[in-house]
Amino acid sequence: FQKRPASKVRNFSALTGWVLGSSSRSATKFSSLASTSSGAAVNSEGAPLVSIVSIVSMFVDKWQPHSFQSFNAKIETDGIQVSHRPSSIKLKVNCFRLVFEAPIFHYHYDLDGEAAATATRNPPEERRLLEAVWSELEGKLSVFCLRLPGHIFSPTGFVEGFKISKRIGSKDFSMIVSFHEKLSSTNGVASVVAQHIINQLASPARKVGRRMYKEHVAVDPGKSSMNTMHSLSVLHSYGLQSPLLLLDLMNRPVHEKTIIDVLRTVMPGVDIFQHSLDPEMRTEWLQCCVSATVVTVYNNRVYKIKKVHFDMTPESVFTMNRKGGADVNISLQYYVELFYACTVKYKSQPVLEAFPDKPSERVFLLPEFCHLIGTDEESNQKRLMETLKRLKASPQERFDAVLQAVGKDLKDDICAKWGCKLDKKPLMVEGRCLANEKWHVAFEEDQRFQVDEEGNFTRWLRHGLQDAREIENWLLIYPEMDEPVLDIWINSLRTTAQTGFKMALGEPIRLMCSDPRVELPELLQRHVIIGQTRFVLLMTPSNDSWKVYRLFKEWTCCQLPVPSQVIKSDTIRKRQSTGMILARIVQQMNAKSWGPLWHILPEEKETPVFEKFYRHPVMMLGINIYQTSGGHRWMALVASLNKACSQFYSGAKECTDSASLSVNLQNLFRDALLDFADNNDRQVPQHLVIYRGFVEDEDYPSLEVELKSLQAVLNVAAKQIREEYVPEITYIAVAKQDDMRIFSLRPDVANIANPESGTVVDDPKICSSTFPSFYAINQSTTKGTAVPAHFSVLKKPENMSMDFIQSLTYRLSLLYYNSNAAIRLPAPLMYAHRLAKFAGTVLRREPSNDLRLTLYYL
């Protein structure tokens with residue numbers, strides 16, 4: 001692909017900084033980093049970098065904690081800091097204080113004896129022993145909860161140490177309990193107390209995955225919805241020295257169709273039970289079922305699917321546990337007929353395994369009795385609108401539902417037993433709005449327009465592009481049914497490209513394709529010329545469109561790398577919003593052809609803080625790992641290559657284990673650095689801002705490994721530069737899922753509303769974690785309740801303030817080319833998420849490196 005003029009790419013060529021030693025890309029492949037024979041990463045001495053995984057993966061500690069008092073403290077007068085903070089605003093969140101008015105007594109316990117010999121190394125065995133002495137513990141402590149191993153907490157007054165002896169089978173063991181301390185808070189190891197109380201508050205709701213469902217209401221598929229406590233968890237606030245109850249509510253509709261019916265709709269005319277012969281069929285089953293939430297209509301119980309057993313049928317036998325009786329072996333078919341009077345219709349269906357309530361149990365289900373929970377795309381329009389109305393509850397409705405749940409639905413008698421009190425008033429926090437910092441969307445050098453208060457700039461999109469591409473030699477593949485409207489549609493597309501975006505779009509080479517699944521590979525091999533064909537656009541009928549899309553993308557992204565786009569035939573026949581549809585297609589074609597659409601600038605000129613930040617080359621990175629329904633993990637890395645952060649390197653690789661994850665990350669990062677240098681007169685970035693998504697609590701130790709892997713690449717680059725190359729790193733983790741909801745107070749419009757686009761909250765009451773963190777609502781939400789993103793800054797230069805990071809994050813949220821407004825996440829991370837999912841679910845193989853400088857996955 002031809003490169004753009006420097007005035008348009010806004011690169012770092014005019015800046016001063018460290019320069020990569022050679023001007024030849026082949027000579028700067030970091031040969032000391034990647035072995036061409038095996039693909040394994042090595043360090044400057046030739047030792048494999050894979051060894052870093054075996055050493056660092058055992059590291060379980062975290063970075064040095066930051067105290068919340070210093071989050072916003074000034075560090076250096078010449079540092080990167082926002083000179084003026086917007087005025088604070090009052091906001092409410094779905095958190096409620098759990099105030100302990102009585103002390104908690106902390107005891108230690110030890111298990112001794114022959115039966116307890118292996119219990120300390122075997123948690124299930126330890127639980128079995130604890131169950132055996134449970135009644136004796138209740139006699140001594142009355143109310144208590146445990147934290148394995150070795151901790152007991154109770155609100156009961158001080159109890160002298162005691163010993164309980166028991167025999168299990170032919171083996172004896174004893175439990176020795178001793179008093180340890182009296183606590184006034186539930187922080188640290190005692191955090192289990194607050195979580196235990198909150199779990200009891202939600203009873204009789206049953207926890208399935210992250211959500212808690214009320215299962216006592218009968219379900220009518222297609223008409224009912226499951227009332228779910230979307231989240232009921234504890235948040236420990238060091239700013240308040242008391243735990244917080246975090247509560248969120250939502251309704252999830254039950255599909256009218258069973259899993260069998262859904263799969264038959266997705267694959268019409270195909271025997272969906274031929275999964276043993278067709279790998280594609282197995283993939284469809286896995287994508288539909290694994291991690292899905294279902295309800296069994298014969299008993300209204302909710303389950304989350306763990307696995308699909310293709311080697312089992314309704315006639316397979318399992319062991320059923322009977323309370324107070326002996327276990328029996330029984331087939332699934334006979335079980336549902338005996339206990340629920342249900343007749344099994346499909347004898348060849350596979351068996352689903354769900355996550356059990358207890359680790360010692362296994363739960364098996366039959367797909368024909370399972371209805372998916374969630375939105376149903378096959379619903380008729382009227383019912384779909386009713387469903388969306390229930391799902392997209394307004395902020396006021398959601399807020400009222402949360403207050404009602406706290407006031408009526410939660411059983412607060414457990415609080416009296418533990419000497420605590422649940423404050424029924426939602427927590428008030430302070431935030432501020434970054435949208436007051438005026439931003440402009442810029443196309444060409446003389447075309448710039450203000451982004452409105454909602455972070456939207458749709459009305460300015462017909463003013464050109466930052467870099468309009470010239471696409472002359474391109475292919476259009478279409479079905480015979482679209483031939484009558486083809487001339488009109490092509491002329492409209494070319495006119496929109498020229499008049500609306502100043503983009504030269506030539507006449508395409510037209511290729512008719514009657515049966516895409518059979519003819520498409522041959523057509524592509526015959527007509528796509530690598531290096532000459534600039535674009536391939538495919539029109540496909542709605543039937544079987546997903547399989548055709550996957551086949552087409554596998555060829556154009558892997559085997560014959562060329563930017564491509566798929567359009568359903570129904571789209572070109574629409575009479576409504578035709579101009580908007582054509583504009584989106586033109587934008588997609590330009591973005592996929594290495595042509596940035598826009599960039600973001602301040603209202604007048606760069607503020608001193610951003611001017612200083614961009615004084616040296618900077619690279620913004622997004623890193624994400626996506627796990628498919630089959631358990632395969634795909635890593636994607638997307639990195640900015642120019643000053644405007646409007647052109648990107650994109651790479652994706654499959655990770656089979658922790659070692660390959662580290663090596664793949666190093667290889668992707670190396671290639672990104674090389675492309676950055678190629679695009680900026682051999683200069684390399686002196687500051688890296690890395691957004692890592694989507695992180696859960698258990699992922700933090702592995703992030704330390706990732707950071708060390710990136711640092712190893714920089715160490716090798718420093719030897720190539722032959723200077724002291726030590727770029728600054730800002731490493732920000734973005735939570736995968738967070739149930740915090742933030743509400744704005746608007747007495748003049750409505751009592752409760754969504755916060756404005758650009759709202760940031762870093763109040764220590766809810767952001768007092770080990771690392772500096774903040775919640776950001778970058779997007780404007782007009783329907784439903786806004787979902788904030790949670791950012792934790794794990795590493796940053798000392799002279800960079802949190803205010804600047806928050807402002808930068810909002811600015812990057814305006815650079816996602818699939819949206820004409822600010823989005824929830826910064827653009828590099830959103831691109832990485834989309835690429836990882838695209839590679840794992842569509843391509844299922846590594847994309848061609850020839851497309852690394854294009855946004856081919858949009």
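Look a little higher up for the structure.
Residues numbered from 1 in each chain as written. Predicted model: local features only at pLDDT ≥ 70, side-chain atom pairs only at ≥ 80, totals over all residues. Heavy atoms only, no water.

### With respect to the overall build of the chain
Secondary structure summary: the chain contains 22 helices and 39 strands in total. With 858 residues in all, the chain has 55% of them scored as buried. Taking the contacts inside the chain whose residues are at least 6 apart along the sequence as the reference set, 72% of them involve residues at least 24 apart. Accessible area for the chain stands at about 37900 Å²; split by element, carbon and sulfur atoms hold 49% of it. (Helix = DSSP H or I, 4+ residues; strand = E, 2+ residues; numbered from the N terminus. Buried < 20%, exposed > 50% of the residue type's maximum accessible area, 1.4 Å probe, protein only. Contact = heavy atoms within 4.5 Å. Areas by Shrake-Rupley, 256 points an atom, 1.4 Å probe, with all protein chains shown as cover.)

### Brief notes about the sheet that holds strand E4 (residues 145-147)
Reading across from one edge, E4-E5-E3-E7-E6 is the order of the five strands in this open sheet, with antiparallel pairing throughout. One side of each edge strand has no neighbouring strand; the edge strands of this open sheet are E4 and strand E6 (162-168). With strand direction ignored, the average angle separating the axes of adjacent strands in the sheet is 30 degrees. Sheet topology places strand E3 (residues 104-112) next to strand E7 (residues 171-183); nine bridges connect them, and they run antiparallel. Residue Phe-105 lies in a different strand from E7, and its bridge partner there is Lys-182. Against the sheet, helix H4 (residues 134-141) contacts E3, E4, strand E5 (151-154), E6 and E7, and its axis sits at roughly 165 degrees relative to E6. Sheet strands touched by helix H5 (residues 191-201): E3, E4 and E5. Its angle to E4, the strand with the most contacts, is close to 135 degrees. (Pairing = 2+ DSSP bridges. Axes fitted to C-alpha atoms, helices over the stretch in contact; angles between N-to-C directions.)

### Structural notes on the packing of aromatic side chains
One pass over the structure, following the stated rule, counts 31 aromatic pairs. Ring geometry for Phe-318 and Tyr-335: centres 5.9 Å apart, planes at 80 degrees, overall edge-to-face. Pair noted here: Phe-318 is in strand E14 (residues 317-320) and Tyr-335 is in helix H8 (residues 332-340), with a separation of 17 residues, a long-range link. Among the aromatic side chains, those forming a connected cluster through ring pairs are Phe-457, Trp-598, Phe-648, Tyr-816, Tyr-817, Tyr-831, Phe-838, Tyr-856 and Tyr-857. The ring centre of Phe-610 lies 4.8 Å from the NZ or CZ of Arg-811, which sits over that ring. (Phe/Tyr/Trp six-rings, centres within 6.5 Å; stacked < 30°, edge-to-face > 60°. Lys NZ or Arg CZ within 6 Å of the ring centre and 35° of its normal.)

### So, the environment of Gly-419
By secondary structure assignment, the location of Gly-419 is in the loop between helix H11 (413-418) and strand E19 (420-422). For Gly-419, the contacting residues outside a window of four places in its chain are Val-99, Phe-100, Glu-101 and Ala-102.

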